[in-house]
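# Chain and residue survey
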Amino acid sequence: MFQASALNDRNARIQRRWRLLFLVMTLLLILPVAIILGLLVHHGAPVISWSFLFEFPRQGMTAGGIFPALLGTIFLVSLALVFSVPLGIAAAIYLSEYARDNWLTRAINLAIINLAGVPSIVHALFGVGAFVLFFRFGTSILAASLTLGIMALPVVIVSTRESLQAVPRAFREACWALGATRWQTIRKVVLPNSVSGILTGVILEVSRTAGETAPIMFTGAAFFLPFLPESVYDQTMALSLHLFVLSTQVPGVPEGVPYGVALVLIAIVLSMNALSIGFRMVLRGRKRW
Amino acid sequence: MSSDAFPTRRPALDRLDGAWAADKAAQVLMFVAGISAIVFILGIFAFIAREGLSFVFSRFSFAEFFGSIRWAPTSNSNPTFGALALIVGTASVTGMAMIVAIPFSLGAAVYIAEFARGRTRETLKVLVELLAAIPSVVWGFIGLSIMNKLIIDVFDVSVGLNVLNAGIILGLMAAPIMTTIAEDALKAVPDRYREAAEAMGATRWQVIRRVVLPAARNGLASAVLLGVGRGFGETMAVLMASGHSINLPTSIFDSVRALTATIAAELGETAVGSDHYGALFTLGLFLFLITFAINLTADLVVRGIRKK
Amino acid sequence: MVGPERTESGGNSLLEVDDLTVSYGRHVALSGVTLTVRQNEIFGIIGPANAGKTTFLQAVNRMDQFNDAIKVDGAVRFMGRDVARWRNTFALRRQIGVVFPLPVGLPLSVYENVAFAPRLRGVSKKADLDVLVERYLRRAALWEEVKDRLDTLGSMLSGGQQQRLTIARALSQDPVLLMLDEFSIAVDPVTTMKIEDVLRELRSELTILLVTNLVQQARRLADRTAFFLDGSLVEVGVTEDLFTGRARHRETVDYIEGRFG
């Protein structure tokens with residue numbers, strides 16, 4: 001990078017100074033978060049125990065554990081995946097393998113960008129208007145998961161499309177030349193070679209949806225329930241909403257408890273994210289072509 | 001010549017077989033999935049409008065909505081729906097967030113794209129990505145618990161939930177996305193520009209300032225725009241960190257209330273079909289249109305680069 | 001004047017091309033090509049880069065279907081039927097084997113590369129597939145070299161082996177027509193000779209359309225040869241005639257004698 005012959009001392013000094021400035025800015029972006037995470041661990045870790053994770057809340061949520069919220073988040077995220085992953089993968093296949101460069105494709109891309117950019121509370125309003133009221137699902141796991149699923153759809157579409165397009169076009173052409181149909185080509189060559197990339201995107205989606213609060217607040221997540229949901233038409237507690245409720249709505253919660261909930265939530269989200277990143281790095285290391 | 005020349009070897013050569021039918025069926029299915037994104041975005045608009053329009057036609061007053069700071073939908077004697085304070089609240093928090101996020105995210109993008117190499121670069125990118133993953137409600141909790149105390153201690157003010165708090169939180173939330181998009185924009189500048197400038201003896205910083213940054217101008221602008229869109233639409237963090245009180249702020253230590261936060265805080269207490277309920281959906285419609293415009297503009301700006 | 005009479009003689013035509021014009025947007029890649037390929041001949045196509053040779057092959061097996069920018073005019077009749085009117089173009093391509101300039105091993109094992117087309121046809125029994133895979137690998141003169149590592153990825157083979165693998169794969173379609181597009185470009189001379197031997201043997205069972213950048217390869221293999229230049233067909237003739245001073249066009253002679261290209 002440094003060619004001593006081309007740079008005089010002054011330039012080198014200026015160069016170093018700017019480089020340092022940008023490094024400091026980068027670190028200033030990351031450092032506060034490291035400190036904050038440290039504080040979360042510091043305050044939250046003492047609270048976390050088996051009983052914290054696997055017991056019901058007691059005494060107006062000031063004691064006991066977070067089990068129904070933990071389980072509820074798992075329900076909500078799983079159902080959102082069931083809905084959005086197949087749809088998102090199919091949409092990505094359309095965009096990557098079938099779509100022509102025309103106004104409709106541009107409209108779809110614009111819709112995806114906007115779907116990703118619409119505020120989460122607007123998604124919540126949509127969930128209320130469409131799923132809770134119009135389709136009469138009521139405030140339920142079903143309505144909340146559908147809302148979450150639509151919100152997460154762009155994540156699945158974009159990551160899947162990227163991994164489909166990473167498969168070289170030459171493979172498709174060789175396959176077509178053999179007389180395979182488009183669909184046979186997709187099924188036998190394109191998908192098998194992008195499945196791990198797609199999985200990376202799905203894990204990322206899990207991490208996003210697990211932390212969402214606003215879209216589930218009015219569509220299916222409850223402040224407190226003394227029992228577990230029995231069907232998708234029941235309401236459920238959720239970790240993210242539980243954190244909001246504990247830190248703003250309930251008086252007399254011991255100080256460590258919300259920290260503990262935040263820590264559990266962030267542990268789920270970040271470990272999913274780290275898994276996705278790790279997965280991607282392993283993949284990059286061993287391409288089959 | 002006719003196809004009779006190949007009667008025995010290839011019967012029914014051009015037959016629409018099962019594979020052909022499966023292909024057509026798959027194509028239709030994928031197409032339906034493809035346009036679902038359009039269906040959903042139109043659906044969002046339609047369903048929110050459906051709930052909000054009765055309010056818009058019966059009660060909505062343009063002058064009141066955009067001109068009054070009195071948001072009192074539950075007042076028995078004189079319910080008013082002035083969103084001005086909420087709009088100003090959202091704008092001030094977003095503005096504060098951009099003051100925090102723009103320099104740091106663009107600086108980080110320059111460092112990651114132009115200076116960092118190899119393992120350092122990968123590590124920084126991963127950290128930025130993890131930063132983007134922290135949920136909104138956790139950020140809100142951080143604002144509520146950690147930042148609140150910090151602001152009270154450092155600035156010696158009575159309330160730590162204010163424009164400054166929400167702005168910093170929102171800035172930290174928007175920065176990773178802005179960094180990623182800005183870094184992509186910088187990476188999209190062809191290396192031959194850099195090589196040409198370096199061959200003339202320019203230092204790396206001169207290359208960045210005179211060649212790379214101008215060439216990536218549009219991408220950087222769209223990164224900022226999307227950051228603004230993100231700040232505008234953020235809900236939980238703003239609800240928890242801004243103090244949530246209706247107020248035209250005169251300093252960064254004033255509490256404010258945001259559009260998104262208002263919906264989140266009040267929707268649970270309204271009766272379906274009431275004016276208050278309709279007013280909240282109208283706020284949602286307003287948010288939807290604004291973010292739609294921001295995203296559209298950002299997209300057009302990016303498209304502008306590709307055309308050049 | 002022996003030439004014209006000799007070009008008129010011969011067996012049934014497999015491929016009749018009539019006034020074929022292909023353009024990419026405003027760029028015309030091929031214009032007004034008319035020629036006939038007969039059954040069981042090796043038909044050579046020579047010409048410099050950008051002469052439209054590859055475009056010609058793509059028009060024959062309807063690869064234009066996958067690229068909106070390509071526009072094809074004129075008629076290509078394959079087995080007596082206009083390919084533009086073919087409803088099931090996938091079935092059309094099943095009749096036509098293609099070998100690309102650079103070997104494209106599908107990201108599958110050697111075995112699965114060759115079993116791919118039979119599987120598409122509905123052959124699913126392992127024993128049947130075993131027989132077919134061995135047969136086609138033998139025909140492509142590759143069996144002896146890979147029989148102990150059928151499970152390795154196709155892309156792990158050497159360049160010359162990969163190109164023979166793609167020939168075995170093209171043959172596994174059981175095609176009527178085999179089209180090769182400059183197959184020797186990334187292959188060593190010894191493998192080139194091996195493949196040329198394979199092609200000579202195949203002549204008895206199928207028709208071969210051989211696009212080549214090597215003029216002498218056309219001379220060694222092709223019964224008749226067409227010379228393309230700048231998107232046009234300059235002339236078609238019996239190969240031996242073209243190479244023994246009986247070409248009718250000055251450009252053909254110049255190209256064959258290596259004065260340009």
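The structure displayed is predicted, hence computed values, not measured ones.

Calculation criteria
Residues numbered from 1 in each chain as written. Chains lettered and ligands numbered in written order. Predicted model: local features only at pLDDT ≥ 70, side-chain atom pairs only at ≥ 80, totals over all residues. Heavy atoms only, no water. Helix = DSSP H or I, 4+ residues; strand = E, 2+ residues; numbered from the N terminus. Rg over C-alpha atoms; globule rule 2.2 N^0.38 Å. Buried < 20%, exposed > 50% of the residue type's maximum accessible area, 1.4 Å probe, protein only. Contact = heavy atoms within 4.5 Å. Expected span 1.5 Å × (residues − 1). Bend = angle between axes of the 7 residues up to and from the residue. Buried area = accessible area lost by both parts, 1.4 Å probe. Salt bridge = Lys/Arg side-chain N within 4 Å of Asp/Glu carboxyl O. Polar contact = N/O pair within 3.5 Å; in protein donor to acceptor, adjacent residues only side chain to side chain. Nonpolar A, V, L, I, M, F, W, Y, C, P; charged D, E, K, R; others polar. Core = buried A, V, L, I, M, F, W, Y, C linked by side-chain atoms within 4.5 Å. Axes fitted to C-alpha atoms, helices over the stretch in contact; angles between N-to-C directions. Parallel < 35°, antiparallel > 145°, perpendicular 65-115°, else oblique. Left-handed = near helix turned anticlockwise from the far one by under 90°. Patch = residues over 30% accessible without salt bridge, like charges linked within 9 Å, V, L, I, M, F, W, Y side chains within 5 Å. Areas by Shrake-Rupley, 256 points an atom, 1.4 Å probe, with all protein chains shown as cover. Lys, Arg positive; Asp, Glu negative; His and termini not counted. Charge placed at Lys NZ, Arg CZ, Asp CG, Glu CD. Phe/Tyr/Trp six-rings, centres within 6.5 Å; stacked < 30°, edge-to-face > 60°. Lys NZ or Arg CZ within 6 Å of the ring centre and 35° of its normal. Pairing = 2+ DSSP bridges. pLDDT = per-residue confidence, 0-100.

## A short note on the overall build of chain C
- A tally of helices and strands in chain C yields 11 helices and 10 strands.
- Relative to its length of 261 residues, chain C is compact, with a C-alpha radius of gyration of 18 Å against a globular reference of 18 Å.
- Projected onto its principal axes, the C-alpha coordinates of chain C cover approximately 55 × 40 × 35 Å.
- Of all 261 residues assigned to chain C, the portion counted as buried reaches 58%.
- Relative to all contacts within chain C whose residues are 6 or more apart in sequence, the contacts with residues 24 or more apart total 67%.

## Observations concerning helix α3 (residues 84-115) of chain B
- For α3(B), which comprises 32 residues, the first-to-last C-alpha distance of 44 Å matches the rise-based estimate of 46 Å (1.5 Å per residue) to within 8%.
- At Ala101(B), α3(B) shows its maximal kink, close to 35°; a proline, Pro103(B), follows between one and four residues later.

## Quick notes on the interface of chain B and chain A
- The interface of chain B with chain A comprises 80 residues on the first partner and 83 residues on the second.
- For the chain B and chain A pair, buried surface summed over both sides reaches about 7,300 Å², with 80% attributable to carbon and sulfur atoms.
- Three residues, Met30(B), Phe141(B) and Trp205(B), lead the burial of chain B against chain A; their summed loss comes to 9% of the area buried on that side.
- Connecting chain B to chain A are 2 salt bridges.

## Re the pattern of salt bridges
- Tallying each qualifying case throughout the model produces 42 salt bridges over all chains.
- The partner of Lys149(B) in a salt bridge is Glu255(A), and the shortest N-O contact between them spans 3.2 Å. Of the two residues, Lys149(B) is situated in helix α5 (residues 136-155) and Glu255(A) in the loop between α11 (239-248) and α12 (256-285); the pairing between them involves two chains.
- Across the pair Arg259(C) and Asp254(C) runs a salt bridge, and its minimum N-O distance is 3.5 Å.
- Look at Asp254(C) and you get buried, because its relative accessible area is 15%.
- Look at the salt bridges and you will find they share partners, linking Glu114(B), Asp191(B), Arg194(B), Glu198(B) and Arg204(B) into a network.

## Here's the deal with the interface of chain C and chain A
- Taken residue by residue, the interface counts 21 residues in chain C and 21 residues in chain A.
- Summed over both partners, the interface of chain C with chain A buries about 2,000 Å², with 67% contributed by carbon and sulfur atoms.
- For the interface between chain C and chain A, the tally reads 1 salt bridge.
- In this structure, Arg100(A) and Asp68(C) form a salt bridge, with 3.6 Å as the shortest nitrogen-oxygen distance.
- Between chain C and chain A we count 4 residue pairs in polar contact (both at pLDDT 80 or more) in total.
- Secondary structure elements with two or more residues in the side of chain C that touches chain A: α3 (89-94), β6 (96-99) and α4 (110-121) of chain C.
- Per-class residue counts for the side of chain C that touches chain A are 13 nonpolar, 4 polar and 4 charged.

## Re the nonpolar core
- One finds Ile121(A), Phe244(A), Val138(B), Trp139(B), Leu283(B) and Phe116(C) to be the most contacted residues of the largest nonpolar core, which totals 168 residues.
- Contacts of Val138(B), omitting those with residues within four sequence positions, involve Leu40(A), Leu243(A), Ala262(A), Leu265(A) and Ile266(A).

## Notes on the packing of helix α6 (residues 163-187) of chain B against helix α9 (residues 217-233) of chain B
Residues and elements named next belong to chain B.
- Here α6 crosses α9 at 155°, and the two axes come no closer than 8 Å. Accordingly, the angle class assigned to the pair α6 and α9 is roughly antiparallel. The crossing of α6 and α9 is right-handed. Every residue of α9 that contacts α6 at Leu-170, Met-173, Ala-174, Ile-177, Met-178, Ile-181, Ala-182, Ala-185 and Leu-186 is listed here: Gly-219, Leu-220, Ser-222, Ala-223, Val-224, Leu-226, Gly-227, Arg-230 and Gly-231.
- Residue classes in the contact of α6 with α9 are distributed as 13 nonpolar, 4 polar and 1 charged.

## Comments concerning the environment of Ala69(A)
Residues and elements named next belong to chain A.
- Among the structural elements, Ala-69 can be located in helix α3 (residues 67-98).
- With a relative accessible area of 1%, Ala-69 lands in the buried category.
- Here the alpha-carbon distance between Ala-69 and Leu-27, two residues 42 residues apart in the chain, equals 35 Å.

## Let's talk about a positive patch on the surface
- A contiguous patch of positive charge on the surface is contributed by Arg10(A), Arg13(A), Arg16(A) and Arg17(A).
- Looking at where Arg16(A) falls in the secondary structure, it is placed in helix α1 (residues 9-44).

## Side note on the packing of aromatic side chains
- Summed over the entire model, instances satisfying the criterion amount to 34 aromatic pairs over all chains.
- Ring geometry for Phe55(B) versus Phe81(B): centroids 5.0 Å apart, planes at 70°, classification edge-to-face. Placement of Phe55(B) in helix α1 (residues 18-58) and of Phe81(B) in strand β2 (residues 80-81) is noted, with a sequence separation of 26 residues between them.
- An aromatic cluster of three or more residues is present, and its members are Phe55(B), Phe60(B), Phe62(B), Phe65(B), Phe66(B), Trp71(B), Phe81(B) and Phe286(B).
- For Arg81(C), the ring lying beneath its charged end belongs to Trp86(C), and the centroid distance is 5.9 Å.

## With respect to the pairing of strand β10 (residues 232-238) of chain C
Residues and elements named next belong to chain C.
- Counted residue by residue, β10 has 5 buried out of 7 residues, so it is predominantly covered.
- Note that strand β9 (residues 224-229) and β10 share 6 bridges and pair antiparallel. By the bridge assignment for β10, Ala-226 is matched with Val-236.
- What sits between the antiparallel neighbours β9 and β10 is a turn of 2 residues, in which Asp-230 has the positive phi angle 50°.

## Observations regarding the confidence of the model for chain B
- In this model, chain B carries a mean pLDDT of 89, and residues with pLDDT of at least 70 account for 94%.
- Scored below 50 in pLDDT, residues 1-9 of chain B shows 12 contacts in the model against residues more than four places distant or in partner chains.

## Describing the sheet that holds strand β7 (residues 177-181) of chain C
Residue and element names in this part refer to chain C.
- Ordered by their spatial adjacency, 6 strands build an open sheet running β6-β7-β8-β3-β9-β10, and the pairing between neighbours is mixed. In this open sheet, the two edge strands, each paired with only one partner strand, are β6 and β10. Strand-to-strand twist in this sheet, taken as the mean axis angle between neighbours without regard to direction, amounts to 15°.
- Note: β7 against strand β8 (residues 207-211), 5 bridges, orientation parallel. In the strand pairing of β8, Leu-180 is matched with Leu-210.

## Structural notes on the pairing of β8(C)
Residues and elements named next belong to chain C.
- With 5 of 5 residues buried, β8 is to be regarded as a mostly interior element.
- Neither face of β8 is open: one carries Thr-207, Leu-209 and Val-211, the other Ile-208 and Leu-210, and all of them are buried.
- Pairing of strand β3 (residues 42-46) with β8, which is carried by 4 bridges, proceeds in the parallel orientation. When the sheet's bridge partners are listed, Ile-42 is paired in β8 with Ile-208.

## Considerations on the side chain of Thr207(C)
- With respect to the helices and strands, Thr207(C) occurs in strand β8.
- Non-local contacts of Thr207(C), meaning those with residues more than four positions away in its chain, are made with Leu14(C), Val37(C), Arg38(C), Gln39(C), Asn40(C), Glu41(C), Val176(C), Leu177(C) and Leu178(C).

## Here we look at the sheet that holds strand β2 (residues 27-38) of chain C
Residues and elements named next belong to chain C.
- The 4 strands are arranged β2-β1-β4-β5 in an open sheet whose pairing can be described as antiparallel. Each edge of the open sheet is held by one strand with a lone partner, namely β2 and β5 (81-82).
- Where strand β1 (residues 13-24) lies against β2, 8 bridges are found, and the strand directions are antiparallel. Residue pairing for β2: Ser-13 is matched across the bridge by Arg-38.

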